[in-house]
Amino acid sequence: MKKQSSGSLVRWAAFFGLCSFVFFSCSSTPEPVTKVPSSEVPPVSQVEEEQEGAEAPAEPEVFTTVNFAQRLQRVLSEGSLEDALALFDELPPEYEDDLDMQLIYASLLVSAGRLEEASRVTDKLLASHPDNTDVMMLSVMLAKASGDSSAKNARLKELLEIDPHNSDANVALADDQMLRRNYKLAGQYYRKGLEKDPEHIDALSGYGQASYYLGDDRASRSAFEKIIELDPDNSIAYSFLGKLEAVEENYYEATKNIEKAIAIDDDIYDYWLDYGQYLRYQGKFEEAEEAWIKARDLSPDFFLGYAYLAGLYDERNRFDEALEMYRKVIEYNPQYYFAYESIGMLAWHEKNYSEARESFEMAYAAYSDNVSYPLMIAATYLKEGKTKEAKNFLSKVMRNRATDSVEYMMLRLYYDGLADQRVAQKIANESDRNMKGKMMYYYGLFNEINGNDVQAKKYYTDVLALNSPMFFEYRLAEWAVDESMN
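Residues numbered from 1 in each chain as written. Predicted model: local features only at pLDDT ≥ 70, side-chain atom pairs only at ≥ 80, totals over all residues. Heavy atoms only, no water.

### With respect to the overall build of the protein chain
Working step 1: A tally of regular secondary structure across the protein chain gives 27 helices and 0 strands.
Working step 2: The 486 residues of the protein chain split such that 45% are buried.
Working step 3: Counting only contacts in the protein chain whose residues sit at least 6 apart along the sequence, the fraction spanning at least 24 positions is 50%. (Helix = DSSP H or I, 4+ residues; strand = E, 2+ residues; numbered from the N terminus. Buried < 20%, exposed > 50% of the residue type's maximum accessible area, 1.4 Å probe, protein only. Contact = heavy atoms within 4.5 Å.)

In structure tokens, the structure reads:
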């Protein structure tokens, strides 16, 4: 999840009033310059003599909303939220109840997580400005931050009754739909928000993302390119432009875009994941590894960084490191059963049959329809000479399976070792290439376990001849052939 940066807080504050301050400073007429009659102007030499050795007293800065906005932006970009909130202690008395000031103050309190204080300010504003849409939107954000969905929805309903096309309210509704992955409805709300404000950054960004997930790449690209025109420092826009290039396999352009996003926000987990992928697709393995290490270090408790590194190490035959990363994957996401399969394979490669068995058992528990898992579990028992345990396990697995299927016949072969020629014929007649390849591997493995290395190598080689690695046993066959040649 993207954390809120100081830059985003500046934009958040601008939503609640800073924009009006800046606009005022740009459009207001400057104070007229009063000319001094030339007769009253002292000679230059006299001025220089009077100023020599003396410093002009510093005039106190006159408080203006423009000066305050500039200070606030500076503190938010260079300091902290607490530093920014402290500035409000210095407000002149006549500004303490100013609507814009209180909106900014409350919004910053929300961002700082000081929700009770934000609630007191918001309640006061609602009492004095009950129909003000900015105040109502503030209450929506407060309710959202507080986890009060019913209050948030009620306030949104009231706001939309007053202003049906309110951009911020429609974006809030759209964001809820995005969380539910209802991208079509989310896109409709985002478009409605854009009807009133075609340059609303959040609506454009949301619409671009919804369009991306719906596969409407043209609409998505248009939205994000518009954002870049309006906000050249918008990292999210660059990141999605990178994704759109990657869809077309333009990984060089994708890389350039994600690098721009990282240059703006270098602490976003997802950016580094994408960066690593684009580099990996260009064959830049070391750079991809560095990117994924950065992602892992940014969010060490999230599993995807470990998963990407594990896949890279596995592919590069760095098996020990791959195994370590896969273990981390299941530590942080025990439901990711693909990692169990990979751990099982790598532990098998290292002849660590107990760990291989435990991992394939977890994979089997998650996906019991895959006959590969019980066959590998049985093989680990047999490799360790635990024939009784293998039989006990297989007797349960074989229940309720069609006795004329090749899967059942292979399980039965591992159970009692009988009818191996019948199994070989059944494999030869199998029409499904993937199933045939799997069963050839397990027939070869059965022969290996029983000491018939010549027959085992023949079937392993037949698996490789299929040249169709759509099943993990293909790789096990590669390892077995390589080992037999060493």
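### A look at the packing of aromatic side chains
In this description, an aromatic ring pair is defined by two values, namely the gap between the centres and the angle between the planes.
Working step 1: All told, the structure shown has 30 aromatic pairs when counted by the stated rule.
Working step 2: Judged by centre distance (5.5 Å) and plane angle (85 degrees), the rings of Tyr212 and Phe240 are edge-to-face. Residue Tyr212 is found in helix H11 (residues 201-213), and its partner Phe240 is found in helix H13 (residues 235-247); the two are separated by 28 residues along the sequence.
Working step 3: On the basis of an interplanar angle of 50 degrees and a centroid distance of 5.1 Å, the ring pair of Phe303 and Tyr336 is categorised as tilted. Of the two residues, Phe303 is situated in the loop between helix H16 (285-298) and helix H17 (304-315) and Tyr336 in the loop between helix H18 (319-332) and helix H19 (337-349); the sequence distance between them amounts to 33 residues.
Working step 4: Given the relative accessible area of 13%, Phe303 is considered buried.
Working step 5: We classify Tyr336 as partly exposed; its relative accessible area is 30%. (Phe/Tyr/Trp six-rings, centres within 6.5 Å; stacked < 30°, edge-to-face > 60°.)

### Examining H18
Working step 1: Between its first and last C-alpha atoms H18 spans 20 Å; for 14 residues at 1.5 Å apiece the expected length is 20 Å, and the two agree.
Working step 2: Of all the residues in H18, the buried ones are Phe319, Ala322, Leu323, Met325, Tyr326 and Val329. The buried residues of H18 occupy an angular sector of 165 degrees when the element is viewed end-on, so they sit on one face.
Working step 3: Next to the buried residues of H18 lie H16, H17, H19, helix H20 (353-366) and helix H27 (473-485). (Expected span 1.5 Å × (residues − 1). Arc of directions from axis to C-beta.)

### Remarks on the nonpolar core
Working step 1: In terms of nonpolar packing, the biggest core is built from 111 residues, with Trp348, Met410, Tyr414, Met439, Tyr441 and Tyr442 touching the most fellow members.
Working step 2: In this view, Tyr414 contacts Leu375, Ala378, Ala379, Leu382, Leu394, Tyr442, Leu445, Phe446 and Ile449; residues no more than four positions away in its chain are not counted.
Working step 3: In terms of nonpolar packing, the next biggest core, distinct from the first, is built from 25 residues, Phe68, Leu72, Leu87 and Leu109 among them. (Core = buried A, V, L, I, M, F, W, Y, C linked by side-chain atoms within 4.5 Å.)

### Comments concerning the environment of Thr387
Working step 1: Position of Thr387 among the secondary structure elements: in helix H22 (residues 387-397).
Working step 2: By relative accessible area, Thr387 is classed as partly exposed at 41%.
Working step 3: Residues Thr387 and Tyr415, 28 residues apart in the sequence, show an inter-C-alpha distance of 8.5 Å.

### Notes on the packing of H11 against H13
Working step 1: Where H11 meets H13, the closest approach of the two axes is 11 Å, and the angle between their N-to-C directions is 20 degrees. By the angle class used here, H11 and H13 are roughly parallel. Two packed elements cross with a definite hand, and for H11 against H13 that hand is left-handed. Where H11 approaches H13, its residues Ser205, Gln209, Tyr212 and Tyr213 are matched on the opposing element by Ile236, Phe240, Lys243, Leu244 and Val247.
Working step 2: For the contact of H11 with H13, the class distribution of residues is 6 nonpolar, 2 polar and 1 charged. (Axes fitted to C-alpha atoms, helices over the stretch in contact; angles between N-to-C directions. Parallel < 35°, antiparallel > 145°, perpendicular 65-115°, else oblique. Left-handed = near helix turned anticlockwise from the far one by under 90°. Nonpolar A, V, L, I, M, F, W, Y, C, P; charged D, E, K, R; others polar.)

### Description of the environment of Leu375
Working step 1: Considering the arrangement of structural elements, one finds Leu375 in helix H21 (residues 372-383).
Working step 2: Counting along the chain gives 32 residues from Leu375 to Glu407, while the straight-line C-alpha distance between them is 9.3 Å.
Working step 3: If sequence neighbours within four positions are ignored, Leu375 has contacts with Met410, Leu411, Tyr414, Met439 and Tyr442.

### What about the confidence of the model for the protein chain?
Working step 1: Of the residues in the protein chain, 87% reach a pLDDT of 70 or more, and the chain-wide mean stands at 87.
Working step 2: Overall, residues 1-50 carries pLDDT values under 50, and its contacts beyond four positions in sequence, including any with other chains, amount to 50 contacts. (pLDDT = per-residue confidence, 0-100.)

### Digging into the pattern of salt bridges
Working step 1: All told, the structure shown has 23 salt bridges when counted by the stated rule.
Working step 2: Ionic pairing is found between Arg318 and Glu289, a salt bridge with its closest N-O pair at 3.2 Å. Taken as a pair, Arg318 in the loop between H17 and H18 and Glu289 in helix H16 lie far apart in primary sequence, 29 residues in all.
Working step 3: Between Glu448 and Lys383 there is a salt bridge, with the nearest N and O atoms lying 2.6 Å from each other. Placement of Glu448 in helix H25 (residues 433-449) and of Lys383 in helix H21 is noted, with a sequence separation of 65 residues between them.
Working step 4: With a relative accessible area of 26%, Glu448 lands in the partly exposed category.
Working step 5: Because the salt bridges share partners, they merge into one network encompassing Glu82, Arg114 and Glu117. (Salt bridge = Lys/Arg side-chain N within 4 Å of Asp/Glu carboxyl O.)

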